[in-house]
Amino acid sequence: MAIDSVQFIDELITDNAKALVGAKLAYVYDDEAGGVAYIFPPYDGNEPKWVTDMVAVFDIKDDVRKSLRSKSPSALHFIKVESRLFVITYGHAHAYINDDKFVSDFGLKVAVNYIADNKVKEVEKSNLGVAIKDLAQSSSLKSLDEFSIGDVLDVIRKVSGESDSPGSEQDGSLFARRVSGARGLKISRKMEIEEIPTLLKDSLQLYESDAYKSSKFAIIDFLSPVSEGYIRSNLNDLLIHKIKTKDYDDFELSMPDIAHDDFGTYKYAGTGSSVGFYDVSLDKYLELKAGKIADLSIEILSRDKIKMMSIDDSGIVASASVYRSVYGSIEYLGIRYMLNDAIWYSFEDADSKSVEHYIGEDTKPPRSSLPPFTVKEVDKKKYLMSEGEWNEEVAKKLDLFLLDAKSIPVPAQPGSKFELCDLLDLKEKSLIHVKRSFRKSAPLSHLFKQGTNSAMQMRGDVARESAKAIIAPILGEKNTDDFLSSISKPADWTVEFWLADVPKKSGIIEMPYFSKLSYRDERRKIKDMGYSVSISFIRAASPT
């Protein structure tokens, strides 16, 4: 469903679609009811790279080779219902619509108002503090509780399931047998094309309903989308200002949709570069936009695309605007706002003041004898020493045990491993976890969760026995036995987080807000297990 400010279909299709129509490679039709169809016929597409490779080895005839070119028909069907524009896509035609002009949670709202919270089949979620999307699918219908949604920064992005009272095909009351909703809406049901307007009318009523608020799906309102246009505009202006002034530490890029197909690299369309990269980052995008940052705007972020390319680089697996891919947080007029999938959320946490309180309470000065994070030079290139190099120096100077990157198998969970800590201090009874450069939320959130997981694992006899084989060659037999005996009493031990970074120009060393929330939640879990927790901030030299 298009956003309510859209009045013309022309606003909803991409420039590429318009160009195909202009070149008479696509066709537009009207019906008597006011619907409009854009038809994109099959065309002789690009030859996949694997075909070229196979031809070099096998005697594949030209007619067969030509039939393997990428080609498929597709269409867009636009319908207006109660002054709102809808589009139904066929084939790959979704690539021809301007997704920034569509309501971002239309399908989700329809789904949570239709699906019973105890008949959920699939849940896709993202965590605003970590650049990770999770897709959980059950073989049978389950309660929403069973999909492990509980982190304060979890955002449900897609839900699939069934209703308690779906209606009947015989009397025409059936809306759908199964519904899947995110930005768009998918339904399972037999129907004729003439029934689509009625279906859309019912969908609009479900979208506007508040019925979900009395179900377990009410959790989607914990992070409330900002509805006031002027606030969204001001937040966008602040985002652009932060990017232009290089003060965007609280923001990063992450593709908003999970790709279910294999893919090769990411490309940044609109930067003038055709180079593929194996990950996405705001730093890389801005580096490619060098010289054009002063002209940057929300419109440009919405126009520029991140394209997920196929393994052979012959096609696009998925794409999203840079604006949809930006996630992060900002404070405005005393309220914390978070951006995810082009939606600004106001974050209301009854315990939000405790974030700074707990960090202040747990912060202790770095140990006085710590070696500095120094700048090194190789081939006339300066760089800040790595985390591994620093851990090695600290272990030698402070007589600690270096366990960095030593993975311990998790019993009864084939393939699962955990890292005990980076540095082990037997004298002070500390499990020390180190992170160099903590301006990005994702690595820090991972570090804090790693600390929680390690603390939890070491409470079990079987996990401690599994750890023995890994740490004994490093600690020696006696120290290993003493450690495994002592760690069984968590009250005697402290989980320490050492965070090192180059101070900002202001001299401040500070974590992103997402990371503060993650720290607060993880430190609660660690303390509930009986351990003490501390955090130390270490100043590093600048390589420039």
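Given the structure is predicted, the values throughout are model-derived calculations rather than measurements. (Residues numbered from 1 in each chain as written. Predicted model: local features only at pLDDT ≥ 70, side-chain atom pairs only at ≥ 80, totals over all residues. Heavy atoms only, no water.)

J.: Looking at this structure, I do not really get the overall build of the chain. What am I missing?
T.: Looking only at helices and strands, the chain features 15 helices and 26 strands. Put simply, the chain has 544 residues, and 47% of those count as buried. Within the chain, contacts between residues separated by at least 24 positions form 66% of all contacts whose residues are at least 6 apart in sequence. Carbon and sulfur atoms provide 50% of the accessible area of the chain, an area that totals close to 27500 Å². (Helix = DSSP H or I, 4+ residues; strand = E, 2+ residues; numbered from the N terminus. Buried < 20%, exposed > 50% of the residue type's maximum accessible area, 1.4 Å probe, protein only. Contact = heavy atoms within 4.5 Å. Areas by Shrake-Rupley, 256 points an atom, 1.4 Å probe, with all protein chains shown as cover.)

J.: Would you mind showing me how to read the packing of helix H4 (residues 106–114) against helix H5 (residues 196–207) here?
T.: Two numbers describe a pair of packed helices, the interaxial angle and the distance between the axes. Where H4 contacts H5, the two axes come as close as 8 Å, and the packing angle between them is 80°. Here H4 lies roughly perpendicular to H5, going by the angle between them. Contacts between H4 and H5 involve Phe 106, Lys 109, Val 110, Asn 113 and Tyr 114 from the first element and Ser 203, Leu 206 and Tyr 207 from the second. Classifying every residue of the contact of H4 with H5 by side-chain character gives 5 nonpolar, 2 polar and 1 charged. (Axes fitted to C-alpha atoms, helices over the stretch in contact; angles between N-to-C directions. Parallel < 35°, antiparallel > 145°, perpendicular 65-115°, else oblique. Nonpolar A, V, L, I, M, F, W, Y, C, P; charged D, E, K, R; others polar.)

J.: So what exactly am I meant to see when it comes to the packing of aromatic side chains here?
T.: Each aromatic ring pair is specified by the distance between its two centres and by the angle formed by the two planes. Per the stated rule, a full pass over the model turns up 14 aromatic pairs. Taking 5.7 Å as the distance between ring centres and 50° as the angle between the ring planes, the aromatic pair formed by Phe 106 and Tyr 207 counts as tilted. Taken together, the residues span a long stretch of sequence, with Phe 106 in helix H4 and Tyr 207 in helix H5 at a distance of 101 residues. An identical accessibility class is assigned to Phe 106 and Tyr 207; each is buried. Arranged with centres 5.3 Å apart and planes meeting at 80°, the rings of Phe 483 and Trp 493 form a pair that is edge-to-face. Note that Phe 483 is positioned in helix H14 (residues 477–486) and Trp 493 in the loop between H14 and strand E25 (494–501), a separation of 10 residues in sequence. A relative accessible area of 1% means that Phe 483 is categorised as buried. Among the aromatic residues, those joined into a cluster by ring pairs are Phe 86, Phe 106 and Tyr 207. (Phe/Tyr/Trp six-rings, centres within 6.5 Å; stacked < 30°, edge-to-face > 60°.)

J.: For this particular structure, what's the right way to read the sheet that holds strand E14 (residues 316–321)?
T.: Within a sheet, neighbouring strands are paired by backbone hydrogen bonds and run either parallel or antiparallel to one another. In space, the 3 strands of this open sheet follow the order E12-E13-E14, with antiparallel pairing throughout. At either margin of the open sheet sits one strand with a lone partner, and together these are strand E12 (266–269) and E14. With strand direction ignored, the average angle separating the axes of adjacent strands in the sheet is 25°. Of the pairings in the sheet, the one linking strand E13 (residues 305–309) to E14 comprises 5 bridges and is antiparallel in character. For Ile 306, the partnering residue across the bridge sits in E14 and is Ala 320. (Pairing = 2+ DSSP bridges.)

J.: Would you mind going over the pattern of salt bridges with me for this structure?
T.: Pairs can form between side chains of opposite charge whenever their charged atoms are close. One pass over the full model with this rule turns up 33 salt bridges. Between Glu 392 and Lys 396 there is a salt bridge whose closest N-O contact spans 3.8 Å. Of this pair, Glu 392 and Lys 396 both sit in helix H11 (residues 387–398), 4 residues apart, roughly one helical turn. Look at Glu 392 and you get partly exposed, because its relative accessible area is 39%. (Salt bridge = Lys/Arg side-chain N within 4 Å of Asp/Glu carboxyl O.)

J.: How should the side chain of Gln 457 be read in this particular structure?
T.: Of note, Gln 457 is situated in helix H12 (residues 441–457). Residues contacting Gln 457, with those up to four places away along its chain left out, are Val 410, Phe 418 and Ala 463.

J.: Even after reading the chapter, I still don't get H11, so can you show me in this structure?
T.: Along an α-helix, residues three or four positions apart point the same way, because every turn accommodates 3.6 residues. Across its 12 residues, H11 extends 16 Å between first and last C-alpha, which sits within 8% of the 16 Å expected from 1.5 Å per residue. Among all positions in H11, only Glu 387, Trp 390, Asn 391, Val 394, Ala 395 and Leu 398 are buried. Mapping the buried residues of H11 onto a view down its axis gives an arc of 140°, with all of them on the same face. Summarising the geometry of H11, the exposed residues directed more than 90 degrees from the buried face are Lys 396 and Lys 397. Positive phi appears at Asp 399, one or two residues downstream of H11, with a value of about 60°. (Expected span 1.5 Å × (residues − 1). Arc of directions from axis to C-beta.)

J.: How should a nonpolar patch on the surface be read in this particular structure?
T.: Together, Trp 50, Met 54, Val 57, Phe 58, Val 64 and Leu 68 make up a nonpolar patch on the protein surface, roughly 570 Å² of accessible area in all. Along the polypeptide, Trp 50 turns up in helix H2 (residues 49–55). (Patch = residues over 30% accessible without salt bridge, like charges linked within 9 Å, V, L, I, M, F, W, Y side chains within 5 Å.)

J.: How should the nonpolar core be read in this particular structure?
T.: Looking at soluble globular proteins, one finds that nonpolar side chains tend to be buried together. Membership of the largest hydrophobic core comes to 45 residues, with the highest contact counts inside it found for Leu 420, Leu 424, Met 458, Phe 483, Phe 497 and Tyr 531. Every element with two or more residues in this core is listed here: strand E17 (343–347), helix H10 (353–362), H12, helix H13 (461–475), H14, E25, helix H15 (513–528) and strand E26 (532–539). Beyond its immediate sequence surroundings of up to four residues, Tyr 531 is in contact with Ala 455, Met 458, Arg 459, Ile 487, Pro 490, Trp 493, Val 495 and Ile 526. Phe 277, Ile 293, Leu 296 and Tyr 332 belong to the second-largest nonpolar core, a separate cluster that totals 33 residues. (Core = buried A, V, L, I, M, F, W, Y, C linked by side-chain atoms within 4.5 Å.)

J.: Whenever I open this one, the confidence of the model for the chain confuses me. Can you help?
T.: Any residue range with low pLDDT should be treated as having predicted coordinates unsuitable for detailed reading. For the chain, per-residue confidence averages 86 on the pLDDT scale, and residues scoring 70 or more make up 90% of the total. Mean pLDDT values over the elements of the chain span from 62, in strand E19 (residues 381–384), up to 97, in strand E23 (residues 423–425). (pLDDT = per-residue confidence, 0-100.)

J.: Help me out: how do you make sense of the packing of H13 against H14 in this one?
T.: Put simply, H13 and H14 touch, their axes get as near as 8 Å, and they point 145° apart. Once H13 is placed against H14, the crossing between them reads as right-handed. Residues Arg 464, Lys 468, Ile 471, Ala 472 and Leu 475 of H13 pack against Glu 477, Asn 479, Thr 480, Asp 481, Phe 483 and Leu 484 of H14. Partitioning the contact of H13 with H14 into residue classes produces 5 nonpolar, 2 polar and 4 charged. (Left-handed = near helix turned anticlockwise from the far one by under 90°.)

J.: Mind showing me how you'd approach the environment of Phe 147 here?
T.: Within the element layout of this structure, Phe 147 appears in the loop between strand E6 (130–142) and strand E7 (154–161). In this structure Phe 147 comes out as buried when scored by relative accessible area, which is 8%. In this structure the C-alpha to C-alpha distance between Phe 147 and Glu 428, which are 281 residues apart in sequence, comes to 39 Å. With near-sequence residues (within four places) excluded, Phe 147 lies in contact with Val 120, Lys 121, Glu 122, Val 123, Lys 125, Ala 136, Ser 138 and Lys 142.

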